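Each chain, letter by letter, is given below.
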Amino acid sequence: TQFVIRTVLLAMARTNAWHRADRISGVCLLVLTSVAEGLAGYASGTELYESAGLQSGAAPDHLPGMSDLDDDVGVQLMQKSRRIVHGVLAPADAPPPPTDDKPRPVDIGPWGFDIEGMDQKLQPGDNWVDYTSGEWLKKTNIPDDQSSWTAFSSLRDLTEFQIRDLLEQGATANSITGTLYAAYMDEATIEARGLEPVLPFLEKIKQLATASDFATFCGETLFGFGSSPFGFGVGADAQDPDMNVAQLSQDGLGLPSRDYYLEETFSKQKKAYADYIVLMLGKIGWPEPEAAGAEVLAFEESVAKVSWSVEARRDPEKTYNKMTIADLTVKAPGFDWAAYMESAGRVPGNAPLVVSEWNETAKDGIIGIAAIIGSTDLTTLRAWSAFHFISGAASYLSKEYVDAAFGFSKALSGQETQKLRWKRGVGNANRFLPDAVGKDYVEKYFPASSKKTMDELTSLLKEAFAARIKNVAWMTNATKEAAQKKLASFTFEIGYPKKFKDYSEMSMDKTDLFGNLEKALAFSARWDLSQLGKQVDKAYWGMPPQTVNAFFEPDRNRCVFLAAILQPPFFYAEGDMAVNFGSIGAVIGHEMTHGFDDKGRLYDAEGKLNDWWTPADTAEFTKRADQYGEQFAKFTSGLPEGMHIRPQLTMGENIADLGGLTIAYEARACRCLNPIGETRRLGRCGR
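The present account deals with the structure reproduced in this document. Not measured: the values here are computed from a predicted model. (Residues numbered from 1 in each chain as written. Predicted model: local features only at pLDDT ≥ 70, side-chain atom pairs only at ≥ 80, totals over all residues. Heavy atoms only, no water.)

Things to note about unusual backbone geometry
In this structure, Pro569 follows Pro568 across a cis peptide bond, with omega equal to 10 degrees. Looking at where Pro569 falls in the secondary structure, it is placed in the loop between strand 9 (558-562) and helix 23 (577-582). Not every positive phi belongs to a glycine, and Glu288 is a case in point at roughly 45 degrees. Position of Glu288 among the secondary structure elements: in the loop between helix 10 (267-283) and helix 11 (289-306). (Helix = DSSP H or I, 4+ residues; strand = E, 2+ residues; numbered from the N terminus.)

Digging into the nonpolar core
Core analysis: the largest hydrophobic core is formed by 154 residues, its most contacted members being Phe230, Phe232, Leu248, Leu328, Trp337 and Tyr340. For this core, the leading source of residues is helix 16 (residues 378-393), giving 8 residues. Beyond its immediate sequence surroundings of up to four residues, Trp337 is in contact with Phe230, Leu248, Ile325, Leu328, Thr329, Ala332, Ile366 and Ala370. If you look at the next biggest cluster of nonpolar residues, it comprises 7 residues, including Ala238, Val245, Tyr320 and Leu602. (Core = buried A, V, L, I, M, F, W, Y, C linked by side-chain atoms within 4.5 Å. Buried < 20%, exposed > 50% of the residue type's maximum accessible area, 1.4 Å probe, protein only. Contact = heavy atoms within 4.5 Å.)

Digging into the side chain of Lys486
Following the sequence through the fold, Lys486 ends up in helix 21 (residues 477-489). At 2.6 Å, the side chain of Lys486 and the backbone oxygen of Gly595 are in polar contact. Here Lys486 is in contact with Asn557, Gly595, Phe596, Gly600, Arg601, Tyr603, Asp604, Ala605 and Trp612, once residues within four sequence places are set aside. (Polar contact = N/O pair within 3.5 Å; in protein donor to acceptor, adjacent residues only side chain to side chain.)

Describing the packing of aromatic side chains
Tallied over the full model, the rule gives 35 aromatic pairs. Look at Tyr441 and Tyr445: their rings are 5.1 Å apart centre to centre, the planes differ by 40 degrees, and that puts the pair in the tilted class. Here Tyr441 pairs with Tyr445, and both are found in helix 19 (residues 434-445), just 4 residues apart, close to one helical turn. On the basis of relative accessible area, Tyr445 is assigned to the partly exposed category, the value being 21%. Aromatic pair Phe446 and Tyr496: ring centres 6.0 Å apart, planes at 85 degrees, arrangement edge-to-face. Here the residue Phe446 occupies a position in the loop between helix 19 and helix 20 (448-470), and Tyr496 occupies one in the loop between strand 7 (491-495) and helix 22 (513-530), the gap between them amounting to 50 residues. Given a relative accessible area of 41%, Tyr496 falls into the partly exposed group. Taken together, the aromatic side chains of Phe214, Phe230, Phe299, Phe335, Trp337, Tyr340 and Trp384 make up a single cluster linked through ring pairs. Taking the ring centre of Phe596 as reference, the NZ or CZ of Lys486 above it sits at 5.3 Å. We note Arg601 situated over the ring of Trp613; from NZ or CZ to the ring centre the distance is 5.0 Å. (Phe/Tyr/Trp six-rings, centres within 6.5 Å; stacked < 30°, edge-to-face > 60°. Lys NZ or Arg CZ within 6 Å of the ring centre and 35° of its normal.)

Laid out in structure tokens, this is it:
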């Protein structure tokens, strides 16, 4: 019994480095808790692990962070050095992944776990990190084309090779995905075109003569390579989750968050960004690039000062403010909202709009940014638009621009070298034709047996979660009853969505990469905008199945586990169930726990933003979360000197990690496993 329990705990420790990132997330934290109290006398406690994986903005290959990355900590973790990330499954003698034509093999041993990567000379209560992964850590290096290396990295590496095979076959067959990939790989044509693809846009920027022209251009290029001081899109209404509504949020920053402009800690990164602005403006022949660059940076510094913090933006109640475009025009002057919305998607003035950062008293957020735009001269706004357009397009132009963009990326992430061209081509296809690539991917790489095993695991974890709610000593019966009702509403979707977007009317040209990307972006924009005012079609997913990830949607109470993560070392369809509980089981528990973390708990059984907790239970939850946060605030391992975890920034992931590990362990305890992974019921959980 102790062996099986230790197996689960170790599998949990070694595999869960990063299994959820909201679109804007740039960091993940893993809390490993010794949930088996008294296990062979092991000390209980927690250890912090981190993985600094960044998401891209407009230039996904080379600009981690940028305007749509809100979490600071991921970048902070990489400022001083590129680190090995602790607590992941990998062979003890693992070299850096090869850069030729072979993915890095994952040595999982005969039954799914790498015992040789442990340092069993240590006591786990003395040093849990090195006990679980010490030998692996000693012999593993971060590849030069990565900013971190984890079990997720090795699986993403494998997935890239799988997708490349599909794309190369598609190129021969002239599929849209294969054609796009072939166009990306045609470096000779791209080099010959140089800056030519973006010249019409740069010329249009130069002709912007009024504030309305600026707003119109921001709207026109919002879903393309341009930038906007505001984010705009279509999504479910948090208080009417079956209907889609227009959504508006703050944006406009080229660095990962407001802190990079305002805190001395990030002075080196801000200096690198200032140099990058001047460099790119100079490359496109912008007048007086040094002076223009200084004005652009000053403009963004002003925007940063009135922007909401990442912590404030995590509050789903404060960021739900329903109004109309007409309301914006009156209450947030300085920006031509009507022109912006018309050019972005012909949104009528009386259409409902959910605005995130809205405070009429403080006049910060959306109101503050609009006022700054209104007081900024057009010369600066034109330079700002030109810089962001060339920065957003740089990865798809000639080598001169690609290298310039990567140089800035390196200053943020510490990644030493660019990925190979074909790997960037795979990422390009995934970004611009996600569902087309995903459909081909699951047809070849997702077996039906995986769904069967996952159905069993999700059922067991849901049962264990219900038992845990039942036995929570501090929660009142009224809140427990509502919590059980919410948990019962949870659904699990595994592998791939019921529907894929249809690209059948789209054509691609092997000789015109930039034109292909414009078509793909236009298709995506049309599709999103076509959903405005309609019922939410839950058959689609917001993330393609070839992504190594999983996610929870609070407005649908849905846990989604994508095909690409359902491979070793995270999942074994026919493997040892103890390992499955400790790896993908903890992921399942993590996503379920998001439904009850500091944000998810504010959504009810119907997915509506509706606080269903009694005041007493809310107070107790908050007290316990604050205590948990105080523990995190003291962690410094792996962080640059003088830095600490900001617990209100990471609280959702902190809670979900602890909950995921705990629920996975308890679900395993409800089953008796024989050596070949078959199971029989011992009795219902919680009895």
